[in-house]
Amino acid sequence: MVRHTQSTPPCTTTETTMTDREARAARNQERSLAAFLAKKAEFDALLTELTQASADHFGADPETVLWGEAAWLSDATAKLKDIADQHFRRGEYEA
């Protein structure tokens, strides 16, 4: 008696799907990293500009500073504090 066994071919659909998903995930991660690094460079450039402006007292003449300059700096400081609080999860951003 001769038996013929029928072997099943490997499931290439699942393997292909997983490979496609992994490839898409890798491409997505690469694009995410590129976008992140571009925004980080922009952020760092803004920080450099602000640091230089701060060293120059934001262009304010200490002999003639009025409440307008103080109010502007107070507003700018509040915005930066909000950004820092978001990043460090402080204040209203605490978990």
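That block above? That's the structure.
Definitions and limits used
Residues numbered from 1 in each chain as written. Predicted model: local features only at pLDDT ≥ 70, side-chain atom pairs only at ≥ 80, totals over all residues. Heavy atoms only, no water. Helix = DSSP H or I, 4+ residues; strand = E, 2+ residues; numbered from the N terminus. Expected span 1.5 Å × (residues − 1). 1 Å grid on protein atoms, 1.4 Å probe; cavity = no way out; pocket = protein on both sides within 12 Å on 5 of 7 lines; lining within 4 Å. Points joined across faces, edges and corners; volume = space filled by probe spheres on them. Buried < 20%, exposed > 50% of the residue type's maximum accessible area, 1.4 Å probe, protein only. Contact = heavy atoms within 4.5 Å.

Engineer: Go over helix 2 (residues 67–88) with me, naming the residues and quoting the values.
Structural biologist: Between its first and last C-alpha atoms helix 2 spans 31 Å; for 22 residues at 1.5 Å apiece the expected length is 32 Å, and the two agree. Once helix 2 finishes, R89 follows within two positions and takes phi at roughly 55 degrees, a positive value.

Engineer: Explain the layout of surface pockets to me, using residue names and the numbers behind them.
Structural biologist: By volume, the largest pocket amounts to about 230 Å³. What lines the largest pocket is simply F43, L46, L47, L50, L80, I83, A84, H87 and F88. Put simply, the parts of the chain that give the lining of the largest pocket at least two residues each are helix 1 (12–55) and helix 2. The dominant element in the lining of the largest pocket, judged by the number of residues it contributes, is helix 2, at five residues.

Engineer: Hey, could you go over the side chain of D85 for me, with residue numbers and the actual values?
Structural biologist: Summarising the element assignment, D85 is placed in helix 2. For D85, a relative accessible area of 9% puts it in the buried group. Not counting chain neighbours up to four residues away, the residues in contact with D85 comprise R90 and Y93.

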